[in-house]
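# Architecture at a glance
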Amino acid sequence: MQKFSYHTHTVFSDGHNNVKEMIERAERLGWEEMGISDHLIVHKNIPQSRSFPRWQSSAGNHVYKTDFAKAADEFCRHAEEIGKIARGRNIKVRVGAEVDYFTYDGWTDEFACFRRKTELDYYISGNHFLQPSDGEILDIKDLPLLSGEERNRALKNHFDSICRAIESKIFSFIAHIDYIRKSPFCPDDAFQTEKMRVIEYLKKYQTATELSTKGLRKRGDFYPADRLAGEIIKNNIPLVISDDAHRISELGFAFDEAENYLQAHQCRNRWSFEK
Ligand SMILES: [Zn+2]
Ligand SMILES: [Zn+2]
């Protein structure tokens with residue numbers, strides 16, 4: 001059974017437990033390693049997003065940012081704190097970030113600068129927003145505000161931004177590739193062409209993706225949905241199990257069920273960092 005998770009959050013972003021609590025729980029689970037991947041969400045126009053005030057007002061959170069320089073300072077301090085807490089323990093703790101990959105002009109250069117400054121151990125990509133047009137940002141639950149045609153374009157752009165993230169080769173793995181299924185405008189049988197393109201990119205760039213048990217907690221099945229997970233396995237794309245834990249009780253959540261699923265589907269390409 002997989003005894004690690006590289007996709008976890010702390011109070012540094014939107015998690016509910018601090019770094020020490022998360023690491024100590026992982027130790028108690030008998031894990032030899034874990035990764036802390038708090039959100040890195042930087043977009044020049046993020047104050048346009050309707051969820052911005054909510055994150056802006058909660059004290060001390062580091063979730064939504066308009067500039068990378070401030071985010072880099074905060075992540076440097078965060079990484080230092082994790083390093084201190086992890087020192088001398090029997091568990092190896094990696095410091096990463098779950099990154100919303102935006103495609104407007106200049107974003108990738110600023111992100112490159114962030115990576116040079118912070119030297120985090122790894123990045124995972126997880127897109128939680130829509131980019132209806134260049135430089136625009138929209139919460140998924142605001143899709144009904146768009147016209148049919150705009151909606152269609154925004155959803156196509158969403159899958160396209162995942163492909164851009166894959167081809168950037170920056171990310172150790174791609175999180176929840178069908179996160180968008182939480183919107184009623186993007187049910188599992190929709191946008192098959194776009195979803196298959198994501199699969200093609202994962203295959204072409206030999207980039208890993210996750211089987212996330214967060215879906216089990218939120219809606220009763222995994223991210224990605226059965227059909228897409230089947231395509232991933234059929235194409236022998238490397239897979240890692242994730243809990244996307246936002247609190248200690250979610251660390252390793254339903255990993256036995258995820259193991260059984262992968263075994264039943266004869267998944268032979270499991271991904272992890274080299275030991
Ligand atoms: Zn996510
Ligand atoms: Zn996450």
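Predicted model only: the values in this text are computed from it and were never measured.

### Re the pattern of salt bridges
Summed over the entire model, instances satisfying the criterion amount to 19 salt bridges. Of the charged contacts in the structure, one is a salt bridge between Glu250 and Arg217, with a shortest N-O distance of 3.4 Å. Of this pair, Glu250 sits in the loop between β9 (239-242) and α9 (255-264) while Arg217 sits in helix α7 (residues 214-219); the two residues are 33 residues apart in sequence, bridging distant segments of the chain. The exposure class of Glu250 is buried, given its relative accessible area of 13%.

### Observations regarding the coordination of the zinc ion (ligand 2)
Those donors, His7 (NE2), His9 (NE2), Glu98 (OE) and Asp244 (OD), are the protein atoms that reach the zinc ion (ligand 2), and they lie 2.1 to 2.3 Å from it. Considering all four donor atoms around the zinc ion (ligand 2), angles at the metal cover 83 to 169° and the coordination shape is irregular. Counting the intervening residues between successive donors of the zinc ion (ligand 2) yields the motif H-x1-H-x88-E-x145-D. Using a relative accessible area of 0% as the deciding quantity, one classes His7 as buried. Residue classification places Glu98 among the buried positions, given a relative accessible area of 0%.

### Here's the deal with the side chain of Asn17
By the secondary structure assignment, Asn17 is in the segment before α1 (19-28). Since its relative accessible area comes to 12%, Asn17 is described here as buried. In terms of polar contacts, Asn17 uses its side chain to reach the side chain of Glu21, at 3.0 Å. Sequence-distant contacts of Asn17, that is, excluding residues within four places in its chain, are made with Thr10, Val11, Met22, His246, Arg247 and Ile248.

### Side note on helix α6 (residues 192-204)
Helix length check: α6 (13 residues) gives 18 Å between terminal C-alpha atoms against 18 Å at 1.5 Å per residue, within 8%. All of the buried residues along α6 are Glu194, Lys195, Val198, Ile199, Tyr201 and Leu202. All buried residues of α6 fall inside an arc of 160° around its axis, so they share one side. Set apart from the buried face of α6 by more than 90 degrees, the exposed residues are Thr193, Glu200 and Lys204. Against α5 (148-168), β7 (173-174), β8 (208-212) and α8 (226-234) lie the buried residues of α6. Positive phi shows up at Gln206, right after α6, with a value of about 45°.

### Remarks on a positive patch on the surface
On the surface, Arg54, Lys141, Lys182 and Lys218 cluster together to form a positively charged patch. Relative to the helices and strands, Lys182 is located in the loop between β7 and α6.

### Let's talk about the packing of α6 against α8
As a packed pair, α6 and α8 sit with axes 10 Å apart at the nearest point and diverge in direction by 30°. For the crossing formed where α6 meets α8, the hand is right-handed. Every residue of α8 that contacts α6 at Gln192, Lys195, Met196 and Ile199 is listed here: Arg227, Leu228, Glu231 and Ile232. Split into classes, the residues belonging to the contact of α6 with α8 amount to four nonpolar, one polar and three charged.

Rules of the game
- Residues numbered from 1 in each chain as written.
- Chains lettered and ligands numbered in written order.
- Predicted model: local features only at pLDDT ≥ 70, side-chain atom pairs only at ≥ 80, totals over all residues.
- Heavy atoms only, no water.
- Salt bridge = Lys/Arg side-chain N within 4 Å of Asp/Glu carboxyl O.
- Helix = DSSP H or I, 4+ residues; strand = E, 2+ residues; numbered from the N terminus.
- Buried < 20%, exposed > 50% of the residue type's maximum accessible area, 1.4 Å probe, protein only.
- Donors = N, O, S within 2.8 Å, 3.2 Å for Na, K, Ca; no water.
- Tetrahedral: all angles 85-135°; square planar, octahedral: opposite > 155°, others 65-115°.
- Polar contact = N/O pair within 3.5 Å; in protein donor to acceptor, adjacent residues only side chain to side chain.
- Contact = heavy atoms within 4.5 Å.
- Expected span 1.5 Å × (residues − 1).
- Arc of directions from axis to C-beta.
- Patch = residues over 30% accessible without salt bridge, like charges linked within 9 Å, V, L, I, M, F, W, Y side chains within 5 Å.
- Areas by Shrake-Rupley, 256 points an atom, 1.4 Å probe, with all protein chains shown as cover.
- Lys, Arg positive; Asp, Glu negative; His and termini not counted.
- Charge placed at Lys NZ, Arg CZ, Asp CG, Glu CD.
- Axes fitted to C-alpha atoms, helices over the stretch in contact; angles between N-to-C directions.
- Left-handed = near helix turned anticlockwise from the far one by under 90°.
- Nonpolar A, V, L, I, M, F, W, Y, C, P; charged D, E, K, R; others polar.

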